[in-house]
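Residue strings, one per chain:
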Amino acid sequence: MTTHDLRLDLVDGLGRIDLDGEDIRHSVGRLTLQASHGRRPLLTLEPRMYIQMADVRTVADVTIPKDTRQLLIRLGWTPPAADTE
């Protein structure tokens, strides 16, 4: 499992989510932090995803914003081979 430095500053709802020193709050749709005695804390990040519909009946273009894409790659995601962006 890859280890990352994480800092949460959630004061007044205007906080930051720093991952390895970079603010990723605009890429995160939701986060859940679970902590209990005797266990390592578990942080679940749910990236913010956007879908643009070209033609609802036949074709859908899926768009992953650059900052979300970078977050996913940093967390270990490998983009599809056909992805040229």
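Position labels on residues start from 1 in each chain and follow its written sequence. Local features in this predicted model are restricted to residues whose pLDDT is 70 or higher, and side-chain atom pairs enter the listing and the counts only when it is 80 or higher, whereas totals over whole chains, interfaces and linings include all residues. The side-chain numbers reported here are obtained from all heavy atoms of the structure, hydrogens and water having been left aside.

Colleague: Break down the environment of Q34 for me, with residues and values.
Modeller: By the secondary structure assignment, Q34 is in strand β4 (residues 28–34). In this structure Q34 comes out as partly exposed when scored by relative accessible area, which is 46%. For the pair formed by Q34 and T44, sequence separation is ten residues and the distance between their alpha carbons is 8.4 Å. Residue contacts are counted whenever heavy atoms from the two residues lie within 4.5 Å of one another. In this structure, Q34 is in contact with P41 and L42, ignoring residues within four places of it in sequence. The way it works is that DSSP assigns letters per residue, a run of H or I at least four long becomes a helix, a run of E at least two long becomes a strand, and they are numbered from the N terminus. Type-normalised accessible area, obtained with a 1.4 Å probe on protein chains alone, sets the label of each residue: buried when under 20%, exposed when over 50%, and partly exposed for intermediate values.

Colleague: Hey, could you go over a nonpolar patch on the surface for me, with residue numbers and the actual values?
Modeller: Two distance rules govern patches: like charges are joined within 9 Å, and nonpolar side chains (Val, Leu, Ile, Met, Phe, Trp, Tyr) within 5 Å, applied only to residues with over 30% relative accessible area and no salt bridge. Using the Shrake-Rupley algorithm and a 1.4 Å probe, accessible areas are obtained, with residue cover drawn only from the displayed protein chains. A pair is scored as a salt bridge if a Lys or Arg side-chain nitrogen falls within 4 Å of a carboxyl oxygen belonging to Asp or Glu. Residues L6, L8, L10 and L33 make up a contiguous nonpolar surface patch of about 350 Å² in total accessible area. Along the polypeptide, L8 turns up in strand β1 (residues 6–9). With a relative accessible area of 31%, L8 lands in the partly exposed category.

Colleague: Account for the nonpolar core, with residues named and values stated.
Modeller: I17, L19, I24, V28 and L71 together form the largest nonpolar core, which totals five residues. In this view, L19 contacts H4, D5, L6, I24, L71, R74 and L75; residues no more than four positions away in its chain are not counted. To qualify as a nonpolar core, a set must consist of buried Ala, Val, Leu, Ile, Met, Phe, Trp, Tyr and Cys residues joined through side-chain atoms within 4.5 Å.

Colleague: How would you sum up the pattern of salt bridges? Please name residues and give values.
Modeller: The final tally for this structure, using the stated rule, is six salt bridges. Residue R74 is joined to E22 by a salt bridge in which the shortest nitrogen-to-oxygen separation is 3.1 Å. Residue R74 is found in helix α1 (residues 66–74), and its partner E22 is found in strand β3 (residues 22–23); the two are separated by 52 residues along the sequence. D23 is paired through a salt bridge with R25; the nearest N and O atoms lie 2.9 Å apart. A relative accessible area of 22% places D23 in the partly exposed class. Each of R16, D18, D23 and R25 takes part in salt bridges that share partners, so that together they form one network.

Colleague: Now, about the side chain of T68: what can you tell me, with residues and values included?
Modeller: With respect to the helices and strands, T68 occurs in helix α1. If we ignore the near neighbours within four places in the chain, the residues touching T68 are S27, P47, R48 and M49.

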